[in-house]
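One letter stands for each residue in the lines below.
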Amino acid sequence: MNLETAGLGTLLIIGIMALVTLATRWGGVLVMSFIPINRRVQQLISAMSGSVLVAILTPLAVNGDGGARLALLATALTMVVLKKPLPAIAAGILAAALFRQLA
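Residues numbered from 1 in each chain as written. Predicted model: local features only at pLDDT ≥ 70, side-chain atom pairs only at ≥ 80, totals over all residues. Heavy atoms only, no water.

## Comments concerning a nonpolar patch on the surface
Taken together, Leu30, Val31, Met32, Phe34, Ile35, Ile37, Leu44, Ile45, Met48, Val52 and Ile56 make up a surface patch of nonpolar side chains, about 1000 Å² in accessible area. With five residues, the top contributor of residues to the nonpolar patch is helix 2 (residues 39-63). (Patch = residues over 30% accessible without salt bridge, like charges linked within 9 Å, V, L, I, M, F, W, Y side chains within 5 Å. Areas by Shrake-Rupley, 256 points an atom, 1.4 Å probe, with all protein chains shown as cover. Salt bridge = Lys/Arg side-chain N within 4 Å of Asp/Glu carboxyl O. Helix = DSSP H or I, 4+ residues; strand = E, 2+ residues; numbered from the N terminus.)

And the structure:
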C-alpha cells in the first residue's frame, strides 16, 4: 500500500500513527489492569525500560557516525556526573551538533 505524502496523504499518515500510538497505550493499560503489581512485576517493568533503551542505542553506537558516538559519550558522562536527564540530553545534542559542524 502506498500513500501520497503530498496534500492529505501526510495528514492521513499522521492520523494513523496517532491512532496506533493511542491503541498501544490504552491496550497496555488494559492488559496491565488484569495483572497484580507485585515486587516481581515491578522489577520486570523497571528492567524493561533499560533494555529498550539499550536496544535503541546499541545500533546507533555500532553503526552511527562520529557525531552519534560523541553524543552518546557526552550524554553518558553528563548523566554520571549530574544524574539529571535534561542536561545530559542537552550535552548530547550539543556534542553532535558541534562535531557535525566542525567535522
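What follows continues from the structure just given.
## Some points on the side chain of threonine 78
Relative to the assigned elements, threonine 78 resides in helix 3 (residues 66-82). Excluding residues that lie within four positions of it along the chain, threonine 78 makes contacts with Lys83, Pro87, Ala88 and Ala91. (Contact = heavy atoms within 4.5 Å.)

## Concerning the packing of helix 3 against helix 4 (residues 85-102)
Where helix 3 meets helix 4, the axes come as close as 7 Å, and the angle between the chain directions of the two elements is 155 degrees. Compared by their axis directions, helix 3 and helix 4 come out roughly antiparallel. Classified by chirality, the crossing of helix 4 by helix 3 is right-handed. Contacts between helix 3 and helix 4 involve Gly66, Gly67, Ala68, Leu70, Ala71, Ala74, Thr75, Thr78, Met79 and Leu82 on the former and, on the latter, Pro85, Pro87, Ala88, Ile89, Ala91, Gly92, Ala95, Ala96, Phe99 and Arg100. Considering only residue class, the contact of helix 3 with helix 4 consists of 14 nonpolar, five polar and one charged. (Axes fitted to C-alpha atoms, helices over the stretch in contact; angles between N-to-C directions. Parallel < 35°, antiparallel > 145°, perpendicular 65-115°, else oblique. Left-handed = near helix turned anticlockwise from the far one by under 90°. Nonpolar A, V, L, I, M, F, W, Y, C, P; charged D, E, K, R; others polar.)

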